[in-house]
Amino acid sequence: MIPMVNLKAQYAEIKDEIERGFAETIENCSFILGPNVQAFEKEAADYLGVKHAIGCASGTDALHLALLAEGIGPGDEVITSAFTFIATAEAIKYVGATPVFVDIDAQTFNISAENIAQAITARTRAVMPVHLFGQPADLPAIKALCEKHNLKLIEDCAQSFGASIDGRQTGSFGHAAGFSFFPSKNLGCFGDGGLVTTNSDAAADKIKQYRNHGSSVRYYHEVVGYNSRLDELQAVVLRTKLKRIDQYNAARRHAAHLYSELMADLNLTTPHEDGLGIHVYHQYTLLSDRRDEVMKALQDRRIACAVYYPVPLHQQNVFKADCAGVSLPVTEDVAARCFSLPICSALSDDTVQEIVGVIRGVLTA
Ligand SMILES: *Cc1c(COP(=O)(O)O)cnc(C)c1O
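Residues numbered from 1 in each chain as written. Predicted model: local features only at pLDDT ≥ 70, side-chain atom pairs only at ≥ 80, totals over all residues. Heavy atoms only, no water.

1. Quick look at the pairing of strand S8 (residues 176–180)
Argument step 1. Among the 5 residues of S8, 5 are classified as buried, and the element is accordingly described as predominantly covered.
Argument step 2. Two elements, S8 and strand S9 (residues 194–198), share 4 bridges in a ladder whose sense is antiparallel. Of the residues in S9, the one forming a bridge with glycine 178 is valine 196. (Buried < 20%, exposed > 50% of the residue type's maximum accessible area, 1.4 Å probe, protein only. Helix = DSSP H or I, 4+ residues; strand = E, 2+ residues; numbered from the N terminus. Pairing = 2+ DSSP bridges.)

Below you can see the structure in the form of structure tokens.
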């Protein structure tokens, strides 16, 4: 069986270090917002080039806390992508705001400044681009647009840890950003975890308050907050993997480039790198008119593959009321033809060749 992500192989390389960290934490019994969370927040802030990085319970919570800290609420519109995981738009709904979905670029699958500009109304308060599959959205253009219209820029970096533009990390461009440490993400922990980044001291104070029951001083509560802290044991895992994240992302890029090279002559669309930034290939996602046939052949050979995402958000039942009459032709076309292949830091050249061999067999038969 070839899985989408080979977490077991990755774990084998770091097992000793993580087990030492776990044993130490369990001995210390400092489980909530302890020394590893504090150290990880500092190390992540340094890596990402931001003033503040604040751990929380998940990527979904990270986006929710970021929106809360920026004061987004009822009556506000937030422009985002419909070609993403549901959590992007759920976070917008949690604060009582309305997601406004705009179409994606056909090559990068990210939302563009041009499409965002067309959706701005008097109620627009924020823009939430998603760096989908690990490729940075056009942050310089989107940031300029947000500045021109006085909008908050909140980045969904759940799939883009380590992706950058001109040496600047995603998650450092906007007013705030949310990262996910779900196990299969580029930087993943052993359960749920998330991180909010910001360069604003005021926003950082609010995020820390909201994640911990609305409190800055113990047993004094300023707002109705949440229980959304990053777990100390997860911080041990994250500190271990953060040291190796550039190596992990380089291995993903190597595998992705090999896939694309080996499939260059086949009748399908391999991922497009727009050259603007560094794509970290959270997913390796292709387009084919014969998707179902290709996927069936892979599954028959016990090779995992998946469709991210089969139903765009504007067509989900949960958003039907918000999206009456919304049509996003590029998003709908991509959702109908996309599929993703195994990719992770432990994927060997031989395995890439084997997978491409199966696809070649279908498309050249
Ligand atoms: C994974 C993901 C999230 C949510 O992260 P969780 O940690 O699972 O809550 C949000 N947005 C995108 C684009 C994601 O891929």
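2. Let's talk about the packing of aromatic side chains
Argument step 1. This model, assessed by the stated rule, comprises 14 aromatic pairs.
Argument step 2. Taking 6.1 Å as the distance between ring centres and 85 degrees as the angle between the ring planes, the aromatic pair formed by phenylalanine 109 and phenylalanine 133 counts as edge-to-face. Placement of phenylalanine 109 in the loop between strand S3 (98–102) and helix H5 (113–119) and of phenylalanine 133 in the loop between strand S4 (124–128) and helix H6 (139–149) is noted, with a sequence separation of 24 residues between them.
Argument step 3. For phenylalanine 109, a relative accessible area of 7% corresponds to the buried category.
Argument step 4. Relative accessible area serves as the criterion here: at 4%, phenylalanine 133 is assigned to the buried category.
Argument step 5. Geometry around phenylalanine 173 places arginine 168 over its ring, the cationic atom sitting 4.1 Å from the centre. (Phe/Tyr/Trp six-rings, centres within 6.5 Å; stacked < 30°, edge-to-face > 60°. Lys NZ or Arg CZ within 6 Å of the ring centre and 35° of its normal.)

3. Observations regarding the layout of surface pockets
Argument step 1. In this structure, the largest pocket occupies an estimated 440 Å³ of space.
Argument step 2. For the lining of the largest pocket, the secondary-structure elements that each account for two or more residues are helix H3 (59–69), helix H4 (87–94) and S8.
Argument step 3. In this structure, the second largest pocket occupies an estimated 290 Å³ of space.
Argument step 4. The set of elements that each furnish at least two residues to the lining of the second largest pocket consists of helix H7 (201–211) and strand S10 (215–217).
Argument step 5. Top contributing element to the lining of the second largest pocket by residue count: S10, with 3 residues.
Argument step 6. Taken together, the residues of the lining of the second largest pocket break down into 4 nonpolar, 5 polar and 4 charged. (1 Å grid on protein atoms, 1.4 Å probe; cavity = no way out; pocket = protein on both sides within 12 Å on 5 of 7 lines; lining within 4 Å. Points joined across faces, edges and corners; volume = space filled by probe spheres on them. Nonpolar A, V, L, I, M, F, W, Y, C, P; charged D, E, K, R; others polar.)

4. What to know about the pattern of salt bridges
Argument step 1. Applying the stated rule across the entire model yields 18 salt bridges.
Argument step 2. The closest approach of N and O atoms between glutamate 19 and lysine 15, which form a salt bridge, is 3.3 Å. In this pair, glutamate 19 and lysine 15 are both assigned in helix H1 (residues 7–28), 4 residues apart and thus about one turn of the helix distant.
Argument step 3. For glutamate 19, a relative accessible area of 35% gives the class partly exposed.
Argument step 4. A salt bridge links aspartate 300 to lysine 296; the shortest N-O distance between them is 2.8 Å. Within this pair, aspartate 300 and its partner lysine 296 are both found in helix H10 (residues 291–300), separated by 4 residues, close to a single helical turn.
Argument step 5. The network of salt bridges with shared partners includes Glu17, Lys243 and Arg244. (Salt bridge = Lys/Arg side-chain N within 4 Å of Asp/Glu carboxyl O.)

5. Topic: the environment of alanine 137
Argument step 1. Locating alanine 137 in the fold gives a position in the loop between S4 and H6.
Argument step 2. Given a relative accessible area of 1%, alanine 137 falls into the buried group.
Argument step 3. Separated by 28 residues in sequence, alanine 137 and phenylalanine 109 place their C-alpha atoms 8.9 Å apart.
Argument step 4. Those residues within four positions of alanine 137 in sequence are excluded, and the remaining contacts are Asn110, Ile111, Pro129, Val130, His131, Ile142, Ile165 and Leu276. (Contact = heavy atoms within 4.5 Å.)

6. Quick notes on helix H12 (residues 349–363)
Argument step 1. Across its 15 residues, H12 extends 21 Å between first and last C-alpha, which sits within 8% of the 21 Å expected from 1.5 Å per residue.
Argument step 2. Of all the residues in H12, the buried ones are Thr351, Val352, Ile355, Val356, Val358, Ile359, Val362 and Leu363. Buried positions in H12, seen along its axis, are confined to an arc of 150 degrees and lie on one side of it.
Argument step 3. Summarising the contacts, the buried residues of H12 are in contact with helix H9 (245–262), H10 and strand S13 (338–341). (Expected span 1.5 Å × (residues − 1). Arc of directions from axis to C-beta.)

7. Regarding the sheet that holds strand S2 (residues 77–81)
Argument step 1. The 7 strands are arranged S1-S9-S8-S5-S4-S2-S3 in an open sheet whose pairing can be described as mixed. Edge strands, defined here as strands with exactly one partner in the open sheet, are strand S1 (52–56) and S3. With strand direction ignored, the average angle separating the axes of adjacent strands in the sheet is 25 degrees.
Argument step 2. Pairing analysis gives 4 bridges linking S2 to S4, with the strands arranged parallel. Bridging from a neighbouring strand, isoleucine 79 pairs with valine 127 of S4.
Argument step 3. Contacts from helix H2 (residues 35–48) reach S1, S8 and S9, with the element oriented near 130 degrees to S1.
Argument step 4. In this fold H7 packs onto S1 and S9, with an angle of close to 10 degrees to the strand it touches most, S1. (Axes fitted to C-alpha atoms, helices over the stretch in contact; angles between N-to-C directions.)

Bear in mind that shape data such as this cannot, by itself, settle questions of function.
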